[in-house]
Amino acid sequence: MNEERILLAHGNGGRFMRELIGELFARHLGNPALDTDADAVHLPDLAGDILVTTDGFTVQPIEFPGGNLGSLAVHGVVNDLAVAGAQARYFTLSAIIEEGLEVALLDRLIASFAAAARENGVAVAAGDTKVVRHGEGGGLYLSVAGIGVREATTDLSMKRIAPGDVVLVSGPVGDHGVSVMLAREQFGLSGGLLSDSASVLPLARAAWDLPGLKFMRDPTRGGLATVCHEIAHATGCAVVLDQGAVPVRGEVVAVCEMLGYDPYFLACEGRVVAVATPAAAAEVLARWRALPAGAEAAVIGRIDAGAARLILETELGGRRVLEELEDDPLPRIC
Amino acid sequence: MPDGQARRIRLSGHVQGVGYRPFVYRLARELGVRGWVRNVVGAVEIHAEADAATLAEFTRALVERAPAIARPQPVADRAADFAGHAAFAILASAADSEPDIHVPPDYFTCDDCLRELRDPADRRHGYPFINCTQCGPRYTLITALPYDRPNTSMAGFPLCPDCRAEYEDPASRRFHAEPVACPVCGPHLSYVDAERRIEGDDDALAATVAALRAGRIVAVKGVGGYHLMCDAASDAAVAELRRRKPRPAKPLAVMFPADQALLRASVRLDPEAAALLASPARPIVLLELADAARLSRHVAPGLAEVGCLLPYSPLHHLLLERFGGALVATSGNISGEPVLTDNAEAQARLAPIADAFLHHDRPIVRPADDPVFRPIAGRPRPLRLGRGVAPLELELAEPLAQPVLALGSHMKNAICLAWGRRAVLSPHIGELTAPRSLETLAKVAEDLQRLYRVQAERILLDRHPGYGYRHWVRGSGLPTSEIWHHRAHASALAWEHPEVAEWIVFAWDGVGLGEDANLWGGEAFVGAPGRWQRRAGLRPFRLPGGDKAGREPWRSAAALLWEAGQAAEFAPELLHQAWLRGLNSPASSAAGRLFDAAAALIGVCSQASFEGEGPMKLEALAAAAGAALPATPGLPLARDAAGVWRTDWSPLLAMLADVALAPATRALAFHRAMADALVAQAIRLREETGAGDVGLTGGVFQNRLLTELAVAGLAGTGFRVRLAERIPVNDAGVSFGQVIEHIALCRPTT
Ligand SMILES: [Fe+3]
Ligand SMILES: [Mg+2]
Ligand SMILES: [Zn+2]
Ligand SMILES: [Zn+2]
């Protein structure tokens, strides 16, 4: 294809579209399972406990420090399957492209998508592209369905969580939220902070065989606090986080302090929150810390009997309720 | 058989837990009245037989000669069948179907008990839990009504034969004194520090006094919770308490020996303040320091006033007498939480702060912090309701259609149960950010409903979607009505002055959610409850970092400068960029934030370690300016696009930053400018509405200087000024205001 920018014609079913799919998408994503001419494909080699998930990706800006929309979409879906105990095997990919998007940028994003998929052992089995008019889309939206096979030998379910269990996180929280916010607002300073966008498959896999592991989730939108609220609601227990133990990078703390945000509510794209018995937690921690992505893993809290809420214990002995996110929080100091 | 007439008399009000029945018994015997008296739920019922003249005298004396802490209200007096009783008797309590219940507050130690406490021959000599029908704890130990011993936290202390004899003797001061106790049968002290545990009242007290003398910090269990105590004269001890709590700057209350000699040497004490300090509530009173050398300079750094209180329980009397000096007596809590009441929990949570503990084994059923008053414009004004005041029982001018529970505000939370023509305001609970505050709110809500035998059918709450009780409200399943924050403030004040039909009310505070989705707090309303119209305010500005501005006055200073198109060198560029883009920068018209900004611009407080630190330091600084008359910038007043009168604060910026003026001069000029702006708004609104009664409410009017300047300015231009005397103007009064506003909103429109 010779165009520098995406035209409406790239979405109308004709030559332009054939070229876009063949020369850009299929070039990067080609694999034995992908047949761009078929209406539907058969998935070979799938046996056992099959899991499926789907997610849409709309991040702005589409390229940000430490990642981009393409790799982020792969990580998002791989991670959702990984924390459920499954290895992702196949994707379907639907791309909604805004008229005027630079073809070179699209190429970079899809190449990044393809590389991330390969690294995680996933093949794209089916795809679709649409072009929307200029001003009607954010450059590129990706919608991805993932099909995986369960390999975990422990039953990962919030139902197994009980008072006395402990909470872990695989690394610092809020990197993605802050770096993307700084990039989006074009403050002209990222301070070297990178998104944490990454596959958590190695971390999750490392814990899949532990019977004392109860539950895992990758905290994305709404961050660590929102995962903890989900646990509190589902279990009817209090989730108590130890403020001094939750890893947060200095740059993230500084930006949050300045702008009045709470890092616990900021998105992560490459972290795992796990709940386990104290004994299993020690093992999870040891295994995670042996991995490059888990070097800063930590035990950050516990499950307590009592009202279903999220409580933050400060280093000075204070206890604070972290409310569920509704809208932008309004000041309350009167 | 004696002859004469018979009457059946019923008295309500504070008649239980105050020795009222023994009083009736003694009165009847003195006058020769026969019959009986008994407790019914929430009231006292009397059957009196005598001749007509004696009966009339008896009826009059029932109110006029009642015990000091009793407040009887006759509710019924009718002729009854003459039964020919031979004597007068006290009958057992009767269960009753029509409750008009009054829950007594906790009373200070009476003079009779103090005499016995100090009398070596008395069997309660030096006993820290001495009490009688005229004194002792009530609200904090009642578990259920009617108020009888099994329904108190004294249920676990069976009376010894001596105490039982007094308890059952109608002639005794301790006849049915429910918490009555003595060293044989009652509660005891224990002292615990890192090395030892000392049982026994005398030894535990001696160890406590020794620890305090050695400069240690001791957590002392009192009536409504624990205090953290240390030697108020010791810089090292007070500084250490501040470091550990941590509480770098917030003023600490000081308990002075009961003889008041040290008190009178330390603070300016006029007769009104002295009477307030010694009033039954025995509150903390903010008083001007006279001789700063008497107390550690760390007690109230940067402020000209100190919170003073006198011993109110026998334990405190013994402690202060033995210690022989003033003691810091600050709430034993974690910042923002209700005061701790449980021995084990206090021991665990105060361990990082206290070197030692003085516990006792009388359980505290619910917390009650010390109440706080500040004399402003010639009258004591409540800043916090608590032990000795709460539950504050109030009468409504109009009845409620259904019982309601009003939950008030997020900060300084206090709740209000209201039904019929009655409202009961709880003591201070705390900031609802802490789980313990939410647990206490739930408990107090349940307790009030159980004690008063009323089930709320509706919950009243603030419009703010993020207040800490929202989750609890959703779980209650009750219908709700949401009340605007500043309307609640205005309505609480309006209740205190029912004679005013048409108001101009200034509601100045920190921030509360306003009706245009902005954060209000510098508003002027005209009207009355149920029909407030916001007609004037301050020029809005956007707060960079949202709630962070409440603790970091420099942010409000930057907001004003940026809003006025000026640079703020002290603020980071990242924040400016975020502010320009509207990131977490909600618009506000709050006077409280304007005071914060002024404190930061003058340089007295750019980071606050507690809510209100900036304004408090600014006021103290201004008060030190003496009689100097600074040039006060006039602030333009003009209508905005919506027709609301807006005061433009921007002329203040140059004056506040003018280093040619002394900081104290600038602080005073700022106060004057704000008071003048208020008066100018009031004049405009009077021109438009004809209203001549001005009310001042909201936390900003805890500022004595501002309030007195505004009162003088308003009075000088012919306004009648109305201030609060019973309900705190800060957010502690919001729940009661919600009730008043709700009643008015429910009133059928004509
Ligand atoms: Fe308020
Ligand atoms: Mg997802
Ligand atoms: Zn007494
Ligand atoms: Zn006894």
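Residues numbered from 1 in each chain as written. Chains lettered and ligands numbered in written order. Predicted model: local features only at pLDDT ≥ 70, side-chain atom pairs only at ≥ 80, totals over all residues. Heavy atoms only, no water.

Novice: Honestly, the overall build of chain B in this entry has me stumped. Any pointers?
Specialist: A tally of regular secondary structure across chain B gives 21 helices and 31 strands. Relative to its length of 750 residues, chain B is compact, with a C-alpha radius of gyration of 27 Å against a globular reference of 27 Å. Projecting the C-alpha coordinates of chain B onto the three principal axes gives extents of approximately 90 × 70 × 50 Å. Within chain B, buried positions represent 63% of all 750 residues. Of the contacts formed within chain B by residues at least 6 apart in sequence, a portion of 71% connects residues at least 24 apart. Counting every atom, chain B has about 26000 Å² of accessible surface; 52% of that belongs to carbon and sulfur. In chain B, 80 positive and 84 negative side-chain charges are present, and the distance between their average locations comes to 1 Å. (Helix = DSSP H or I, 4+ residues; strand = E, 2+ residues; numbered from the N terminus. Rg over C-alpha atoms; globule rule 2.2 N^0.38 Å. Buried < 20%, exposed > 50% of the residue type's maximum accessible area, 1.4 Å probe, protein only. Contact = heavy atoms within 4.5 Å. Areas by Shrake-Rupley, 256 points an atom, 1.4 Å probe, with all protein chains shown as cover. Lys, Arg positive; Asp, Glu negative; His and termini not counted. Charge placed at Lys NZ, Arg CZ, Asp CG, Glu CD.)

Novice: Please explain the side chain of B:Arg722 as it appears in this structure.
Specialist: Residue and element names in this part refer to chain B. Mapped onto the secondary structure, Arg722 falls in strand β31 (residues 720-722). Using a relative accessible area of 16% as the deciding quantity, one classes Arg722 as buried. For Arg722, the side chain forms a polar contact with the side chain of Asp693, separated by 2.7 Å. Ignoring any residue separated from it by four or fewer positions in sequence, one finds Arg722 in contact with Leu493, His497, Glu499, Val500, Trp503, Asp693, Val694, Gly695 and Leu696. (Polar contact = N/O pair within 3.5 Å; in protein donor to acceptor, adjacent residues only side chain to side chain.)

Novice: Would you take a moment to explain the coordination of the zinc ion (ligand 3) for this structure?
Specialist: Each donor-metal-donor angle would ideally measure 109.5 degrees in four-coordinate tetrahedral geometry, or 90 or 180 degrees in six-coordinate octahedral geometry. Residue and element names in this part refer to chain B. Donor atoms from the polypeptide that coordinate the zinc ion (ligand 3) comprise Cys110 (SG), Cys113 (SG), Cys132 (SG) and Cys135 (SG), at 2.2 to 2.4 Å from the metal. Around the zinc ion (ligand 3), the four donor atoms sit at angles spanning 102 to 118°, and that spread fits a shape best called tetrahedral. As a motif over one chain, the donors of the zinc ion (ligand 3) read C-x2-C-x18-C-x2-C. Pair check on accessibility: Cys132 and Cys135 agree, each one buried. (Donors = N, O, S within 2.8 Å, 3.2 Å for Na, K, Ca; no water. Tetrahedral: all angles 85-135°; square planar, octahedral: opposite > 155°, others 65-115°.)

Novice: Before we go on, may I ask you to explain the pairing of strand β25 (residues 533-538) of chain B in this structure?
Specialist: The side chains of a regular strand alternate between both faces of the sheet. Residues and elements named next belong to chain B. Relative to β25, strand β24 (residues 519-527) runs antiparallel, the two sharing three bridges. Considered in β25, the bridge of Val526 is made with Gln533. With three bridges connecting them, β25 and strand β29 (residues 645-647) associate as parallel partners. Paired with Ala536 across the bridge in β29 is Trp645. (Pairing = 2+ DSSP bridges.)

Novice: Any chance you could explain the interface of chain A and chain B here in plain terms?
Specialist: Interfaces are often described in size by the accessible area the parts lose on coming together. Tallying the contact residues gives 31 residues for chain A and 44 residues for chain B. Counting every contact that joins chain A to chain B gives three salt bridges. The shortest N-O distance in the salt bridge between B:Arg581 and A:Glu185 comes to 3.7 Å. Put simply, chain A and chain B have 16 residue pairs in polar contact (both at pLDDT 80 or more) between them. For the side of chain A that touches chain B, the secondary-structure elements that each account for two or more residues are α4 (175-184), α7 (250-259) and β13 (319-322) of chain A. Counting residues per element, the side of chain A that touches chain B draws most heavily on α7(A), at five residues. In terms of residue class, the side of chain A that touches chain B is built from 18 nonpolar, five polar and eight charged. (Salt bridge = Lys/Arg side-chain N within 4 Å of Asp/Glu carboxyl O. Nonpolar A, V, L, I, M, F, W, Y, C, P; charged D, E, K, R; others polar.)

Novice: What am I meant to see in the coordination of the zinc ion (ligand 4) here?
Specialist: All names here are of chain B. Protein-derived coordination of the zinc ion (ligand 4) comes from Cys160 (SG), Cys163 (SG), Cys182 (SG) and Cys185 (SG), at a distance range of 2.2 to 2.3 Å. In this structure, the zinc ion (ligand 4) is coordinated by four donor atoms arranged in tetrahedral fashion, with angles at the metal of 102 to 119°. When its relative accessible area of 0% is taken as the criterion, Cys163 is described as buried. Taking relative accessible area as the criterion, Cys185 reaches 9% and is therefore assigned buried.

Novice: Which parts of the structure should I look at to understand the packing of helix α1 (residues 20-31) of chain B against helix α2 (residues 52-64) of chain B?
Specialist: Helix packing for two helices is described by the angle between their axes and how far apart those axes are. All names here are of chain B. Contact pair α1 / α2: the axes reach a minimum separation of 11 Å and the direction vectors enclose 150°. Relative to α2, the element α1 lies roughly antiparallel. α1 and α2 meet at a crossing whose hand is right-handed. For the pair α1 and α2, contact is made by Tyr20, Phe23, Val24, Leu27, Ala28 and Leu31 and by Thr54, Glu57, Phe58, Ala61, Leu62 and Val63, respectively. Considered class by class, the residues forming the contact of α1 with α2 number 10 nonpolar, one polar and one charged. (Axes fitted to C-alpha atoms, helices over the stretch in contact; angles between N-to-C directions. Parallel < 35°, antiparallel > 145°, perpendicular 65-115°, else oblique. Left-handed = near helix turned anticlockwise from the far one by under 90°.)

Novice: Explain the nonpolar core here, please?
Specialist: As a rule of thumb, nonpolar side chains are buried together in soluble globular proteins. Residues and elements named next belong to chain B. Among the nonpolar cores identified, the biggest contains 85 residues, and Phe506, Trp508, Leu652, Phe670, Met674 and Leu696 are the most heavily contacted of them. Considering each element in turn, this core owes the most residues, 13 residues, to helix α19 (residues 663-689). If sequence neighbours within four positions are ignored, Phe506 has contacts with Glu523, Ala524, Leu678, Gln681, Ala682, Val694, Gly695, Leu696, Thr697 and Phe701. Core analysis: the next-biggest nonpolar cluster, separate from the first, contains 75 residues, Val223, Ala253, Leu318 and Ala329 among them. (Core = buried A, V, L, I, M, F, W, Y, C linked by side-chain atoms within 4.5 Å.)

Novice: Can you walk me through the sheet that holds strand β1 (residues 50-57) of chain A in this structure?
Specialist: Strands belonging to one sheet form pairs held by backbone hydrogen bonds; the direction of such a pair is parallel or antiparallel. Residues and elements named next belong to chain A. On the basis of which strands lie adjacent, the open sheet formed by four strands has the order β1-β6-β4-β5 and mixed pairing. Only two strands of the sheet have a single neighbouring strand rather than two, namely β1 and β5 (123-132). Along the sheet, successive strands turn relative to each other by an average axial angle of 15°, direction set aside. Summarising the sheet, strand β4 (residues 86-98) and β5 pair through nine bridges and their orientation is parallel. For Thr92, the partnering residue across the bridge sits in β5 and is Ala126.

Novice: Looking at this structure, how should I read the domain arrangement of chain B?
Specialist: All names here are of chain B. When the domains of chain B are assigned, the result is domain 1 (5-90), domain 2 (103-158 + 174-377), domain 3 (391-483) and domain 4 (499-730). The interface is formed by 11 residues belonging to domain 1 together with 13 residues belonging to domain 2. Here domain 1 and domain 2 share an interface that buries about 1000 Å² over both sides, 62% of which is from carbon and sulfur atoms. Considering only the surface of domain 1 that becomes buried against domain 2, Gln16, Gly17 and Ile69 emerge as the three largest contributors, covering 43% of it. Along the contact surface separating domain 1 from domain 2 lie zero salt bridges. Tallied by class, residues from the side of domain 1 that touches domain 2 come to six nonpolar, four polar and one charged. (Domains from an automatic or database assignment. Buried area = accessible area lost by both parts, 1.4 Å probe.)

Novice: Help me understand the layout of surface pockets, please; the structure alone is not making it clear to me.
Specialist: Left-over empty space is what a probe sized like a water molecule reveals as it rolls over the atoms. All names here are of chain B. Here the second largest pocket defines a volume of roughly 810 Å³. Every residue lining the second largest pocket is counted, 33 residues in all, and those nearest its centre are Arg71, Val389, Leu392, Glu393 and Arg726. Among the elements of the structure, β1 (5-14), β4 (71-79), β16 (379-384) and β17 (392-395) are those that each provide at least two residues to the lining of the second largest pocket. (1 Å grid on protein atoms, 1.4 Å probe; cavity = no way out; pocket = protein on both sides within 12 Å on 5 of 7 lines; lining within 4 Å. Points joined across faces, edges and corners; volume = space filled by probe spheres on them.)

Novice: Is there a simple way to explain the packing of aromatic side chains in this structure?
Specialist: Here a ring pair, both rings aromatic, is described through the centre-centre distance and the interplanar angle of the planes. Tallied over the entire structure, the rule returns 13 aromatic pairs over all chains. Aromatic side chains B:Phe541 and B:Trp649 sit 5.9 Å apart centroid to centroid with 90° between the ring planes, which places their arrangement in the edge-to-face category. One end of the pair, B:Phe541, is in strand β26 (residues 541-542); the other, B:Trp649, is in the loop between β29 and α18 (651-656), and 108 residues separate them in sequence. Across this residue pair, the class does not change: B:Phe541 and B:Trp649 are buried. Through successive ring pairs, a cluster of aromatic residues spans B:Phe506, B:Trp508 and B:Phe701. Geometry around A:Phe16 places A:Arg15 over its ring, the cationic atom sitting 4.8 Å from the centre. The ring of B:Phe108 carries B:Arg282 above its face, with NZ or CZ at 4.3 Å from the centroid. (Phe/Tyr/Trp six-rings, centres within 6.5 Å; stacked < 30°, edge-to-face > 60°. Lys NZ or Arg CZ within 6 Å of the ring centre and 35° of its normal.)

Novice: Is there a simple way to think about the sheet that holds β13(A) in this case?
Specialist: All names here are of chain A. Reading across from one edge, β8-β10-β7-β11-β9-β12-β13 is the order of the seven strands in this open sheet, with mixed pairing throughout. In the strand order of this sheet, the two ends are held by β8 (213-217) and β13, each with one partner. For this sheet, the mean angle separating the axes of adjacent strands, direction not counted, is 25°. Of the strand pairs in this sheet, β8 and strand β10 (residues 273-276) are connected by four bridges, and their pairing is antiparallel. Among the inter-strand pairings, Phe215 is bridged to a residue of β10, identified as Val275.

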